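The residues making up each chain are set out below.
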Amino acid sequence: MKFYPEVPELFTENRARFAAALQPGSIAIFVSNDEMPSNGDAFYPFRQSSDLFWLSGIVQEDSMVILFPDHPDARYREVLALVRPNEMKEKWDGRRLRAEEATKISGIGTVVWLDNLDSLLQQWVYLADHIYLGTNENDRRSGPLITRQYRFIREMKERFPLHSYRRSARILRALRAVKTAREVALMQEAANITAATFAHLLSFIKPGVMEYEIEAEIWRGFLSRRSTGPAYESIVASGDRARTLHYISNNGECRGGELVLMDFGATYGGYNADMTRTVPVNGRFSARQKEVYDAVLSLHRHAGELLKPGLTLADYHKKMGDQATEVFIGIGLLTEAEVRDQTPDSPAYFKYMYHGVSHHLGIDVHDLGPRTEPLQEGMMLTVEPGVYIAEERMGIRIENDVWIKAEGNVDLMHKTPITTEEIEGMMNKR
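All chains use their own residue numbering, which begins from 1 and follows the written sequence. Totals for whole chains, interfaces and linings use all residues, but because this is a predicted model, local features are given only for residues with pLDDT of at least 70 and pairs of side-chain atoms are given and counted only at 80 or more. Derived side-chain values reflect all non-hydrogen atoms in the structure, with water molecules and hydrogen atoms excluded from consideration.

Peer 1: Tell me about the sheet that holds strand E10 (residues 266-268), residues and numbers included.
Peer 2: For two strands to be treated as a pair, DSSP must find no fewer than two bridges joining them. A run of DSSP states H or I qualifies as a helix once it reaches four residues; a run of E qualifies as a strand once it reaches two. Both are numbered from the N-terminal end. Strand order across the open sheet formed by three strands is E7-E10-E11, with antiparallel pairing between neighbours. Two strands close off the open sheet at either side, each with one partner strand: strand E7 (229-230) and strand E11 (271-272). Bridge analysis of E10 against E11 gives two bridges, and the strand direction is antiparallel. Within the sheet, the bridge partner assigned to Thr267 lies in E11 and is Asn272.

Structure (structure tokens):
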């Protein structure tokens, strides 16, 4: 693989955490994502099911993971099923994993071919009382697409109607939210690649550069450092375009006197970084730009201090809203009268900061994690306050990735330039 030497211990540990949460007499079955057609005979790049990857590290299509901790034969307590290598298909689409290669990646000792799985699976299911199957229970899930996960659920219930079916997602939601040290090591490398790319951009950006030229440098910076690429569509938004939160057209010109907001992050070893920085195109913040930027930076630092085990996201965002209100009054965006007239459903600060300040981060950029339960030690969250001022055609956001620890949070991007002085200093070294 491009991005990392095999670390089967990571996936072995993840499977052990999951198996410990199963009911006795349970089998859990995970299927890979579909290959998604685009146009003609082409396909989009394959993206593995996050749950299957978390359990095995396998990124190949047509794969399955079967976990049966109570199977009387130890060989079948962890099984990986792969498509049998086909010489003609490999001539067209590339080499497929052999059994010993898959074991080296995943740590799973028993590898079977999919064309032999059916009879084996029937024997295993008959020994089990409960069947755990995967579903996409990310709160942000949308769209009517019926994926392989849901087709497999239907097939299993038709074939084995009298078993007790359980949701693996309920367990994985809790487990995937708390990152182990091995997971954080991969995320730290993703953050390091992102930071190194940003350092290069500070010497590249100048008046007249196009947003897509900056995006091209992001791709180059990632791929040249063994990342598989961006964790999400990079946002490169200069001037007033920075007020569009998910602006990904990246086809405008960066003009002197404007700010350019860049929201991007590398993927490394299947784990993601997510960083935002806003810099002056000409290398110098104006007095007003600096005033607003420093206000956002104060919110950013306040948010990092608030994140603690035991805090709920609802309470956290309420506290951040109160702080944003004070800060926005301080820089002349809100008046005391506007704050007095606000309603609980429409606080005054929403006019200038209309998004959440944090989300869980991991294998998915918007990773699984609780919204109502208290935060726990080991969770990884972004910290990303922003301000968007239509009257001044300005948008500023600052984002880092923070690992919550009882003895003090770990900011994966603490060495990345963030103050106006650091940014100007690096932009004017050229």
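Peer 1: Account for the pattern of salt bridges, with residues named and values stated.
Peer 2: What makes a salt bridge here is a side-chain nitrogen of Lys or Arg within 4 Å of a carboxyl oxygen of Asp or Glu, nothing more. Evaluation of the coordinates by the stated rule reveals 32 salt bridges. Ionic pairing is found between Glu217 and Arg220, a salt bridge with its closest N-O pair at 3.3 Å. Residue Glu217 and its partner Arg220 are both found in helix H9 (residues 211-223); the two are separated by three residues, about one turn of the helix. Measuring nitrogen to oxygen at the nearest pair gives 2.8 Å for the salt bridge that ties Glu392 to Arg288. With a gap of 104 residues between them, Glu392 in the loop between strand E14 (386-389) and strand E15 (394-397) and Arg288 in helix H10 (residues 287-306) connect regions that are remote in the sequence. Ionic contacts of the salt-bridge type, sharing partners, join the residues Arg47, Asp51, Arg176, Lys179, Asp364 and Asp367 into one network.

Peer 1: Describe the packing of aromatic side chains, and please don't skip the residues or the numbers.
Peer 2: Any pair of aromatic rings gets described here by the distance separating the centres and the angle formed by the planes. Ring pairs are drawn from Phe, Tyr and Trp, using the six-membered ring of Trp, whenever the two centres fall within 6.5 Å, and their geometry is named by plane angle: stacked under 30 degrees, edge-to-face over 60, tilted for the rest. One pass over the structure, following the stated rule, counts ten aromatic pairs. Arranged with centres 5.8 Å apart and planes meeting at 85 degrees, the rings of Tyr126 and Phe160 form a pair that is edge-to-face. Taken together, the positions of Tyr126 in helix H5 (residues 117-127) and Phe160 in the loop between helix H6 (148-159) and strand E6 (164-167) put the pair 34 residues apart, joining distant regions of the chain. Arranged with centres 6.1 Å apart and planes meeting at 40 degrees, the rings of Phe222 and Phe264 form a pair that is tilted. A residue pair is termed long-range when its members are at least 10 positions apart, and Phe222 in helix H9 and Phe264 in strand E9 (residues 259-264) qualify at 42 residues. Phe264 shares its class with Phe222; the two are buried. One aromatic cluster in this structure is built from Phe11, Phe53 and Tyr271. Here the guanidinium or amino end of Lys157 rests over the ring plane of Tyr165, the centre of that ring lying 5.6 Å away. The ring centre of Trp403 lies 4.3 Å from the NZ or CZ of Lys405, which sits over that ring. Burial classes: relative accessible area under 20% of the type maximum marks a residue as buried, over 50% as exposed, and values in between as partly exposed (1.4 Å probe, protein chains only). Here, a charge over a ring means that NZ of Lys or CZ of Arg falls within 6 Å of the ring centre while also lying within 35 degrees of the ring normal.

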